[in-house]
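# Remarks on the overall topology
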Amino acid sequence: MIGIVIVLAMFPANWLGWTRDLSDLIRIPVTPISHIGMMMTGWIRPAAEPADLPSDTENRTDLAVSERDHYRQLYHAQMLRSTELADQLRELQLLPDSALRNPNPPVTLSIDVIGVRPSDPASIVELKLSSEYIDRIEEGDIAIVGRDIIGRVIRVGMTRIEVRPSTHKDVGLIRAAIVPAHPGKEHGPPLRAEALVRSDGVGGLYAEVPADSGVVIGDLVVLDDTSWPEVGLGLVLGVVIETAPMDAAPLRHSVLIVPRRQARDLVRLVVLGSSESVE
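In what follows, the accompanying structure is described. Everything quoted here is computed from the prediction, not taken from an experiment. (Residues numbered from 1 in each chain as written. Predicted model: local features only at pLDDT ≥ 70, side-chain atom pairs only at ≥ 80, totals over all residues. Heavy atoms only, no water.)

Assigned secondary structure in the protein consists of 4 helices and 12 strands. Looking at the protein residue by residue over its 279 residues, the buried ones come to 33%. For the protein, the proportion of contacts with a sequence separation of at least 24, taken over those separated by at least 6, is 59%. A total accessible area of about 17900 Å² is found for the protein, and carbon and sulfur atoms account for 58% of it. (Helix = DSSP H or I, 4+ residues; strand = E, 2+ residues; numbered from the N terminus. Buried < 20%, exposed > 50% of the residue type's maximum accessible area, 1.4 Å probe, protein only. Contact = heavy atoms within 4.5 Å. Areas by Shrake-Rupley, 256 points an atom, 1.4 Å probe, with all protein chains shown as cover.)

This brings us to the environment of Ser-166. Along the chain, Ser-166 turns up in the loop between β5 (160–165) and β6 (174–179). Take Ser-166: its relative accessible area is 3%, and that puts it in the buried class.

We describe a pair of aromatic rings using the distance from one ring centre to the other and the angle between the two ring planes. Counting across every chain of the model gives 0 aromatic pairs. One cation-aromatic arrangement involves Arg-152 over Trp-228; the distance from NZ or CZ to the ring centre is 4.6 Å. (Phe/Tyr/Trp six-rings, centres within 6.5 Å; stacked < 30°, edge-to-face > 60°. Lys NZ or Arg CZ within 6 Å of the ring centre and 35° of its normal.)

Turning our eyes to something else, we now look at the pattern of salt bridges. Oppositely charged side chains can pair when the atoms bearing their charge come close. Going through the model one piece at a time under the given rule, you end up with 8 salt bridges. With a closest N to O distance of 3.0 Å, Asp-69 and Arg-68 form a salt bridge. A relative accessible area of 35% means that Asp-69 is categorised as partly exposed. Its relative accessible area of 43% is what places Arg-68 among the partly exposed residues. In this structure, Arg-175 engages Glu-194 in a salt bridge whose closest nitrogen and oxygen atoms are separated by 3.0 Å. Of this pair, Arg-175 sits in strand β6 while Glu-194 sits in strand β7 (residues 193–199), and the two are 19 residues apart along the sequence. (Salt bridge = Lys/Arg side-chain N within 4 Å of Asp/Glu carboxyl O.)

Among the structural elements, Thr-167 can be located in the loop between β5 and β6. Thr-167 sits in the buried class, given a relative accessible area of 3%.

Spatial relationships are all this shows, so hold off on functional conclusions.
Have a look at this one:
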C-alpha cells in the first residue's frame, strides 16, 4: 500500500485531480465524528470568560499588549496582501485591450529570486509556475509588465518557466519601429523609422537608422515583428538613449536603446497567451 502511495505521489499534479473527489467521499462518514470531536473540545476547553482573565494589573496589561501586537501583525499581513493584489490589478489594467480579449488570457507569475542574476541584466529569468497555468503557457509567449516587453518564454516545465530577455545575445534580430514618445504633441512624422534591433551585449539594444529619420533621445522602440505573437505588436521594447552619426556609413546613425523595465527590478511578470483558441 505504501509503495502505491509513493508511486502515485510521483505523478504530475494535474493527473491526480480525481483524488479530490475520492477524498470527499471518504470524508462523508468521518464528518459526524469530527463534529462530535469539536463539540467535546469546546466542552473540555471552553472559551475564556471575563472572569478567567488574570486579576493582576500587570498580567492583564501584558496580555493586552500581547493581543494588541498579535492583531497588529494580522493587520499588517492583510495590508501587505491587499497591496499585492492591488499591484496585480494595476498591472492587468495596463495591458493592451488585445491581450484582455485574447481567448487565452494573460497569466501573472512571480519571479523566482534564485532565477535572476543581478550582475547580468540580460540573463535568463526563472518564474514559478502553478500547475493550473501549465496548459495556458507555451514556448514563444511574451512576458511583459504594463506595455513593456521583458522577453519571451523559452521553456515550460512542471514547476517553473524560463524567460529570455529581449536584450539577450541569443535573441537575434528583432524588427521594430521607432516612434515619438508623445504622438501628436511633437513635430515630425508619427513613425520615425523602421529598424532591425539586436542586443548590444551589455543589457541594451542597438540599431542603425537613416540619418534623416529624425530619431531623437526619448523616442520609443516598439515591436513590429511578425515572427513574434501578434498580441505583442506595438508593445515597447525600449527607449532611445543615444543617437550618433556613423563614420563608416555617413548616411546612417547608430541608435542605443535600453528597456524601460528590467526583470531584476521586478517581482512579477505577466505572460501573454499567444494561442488563437483555448482547447
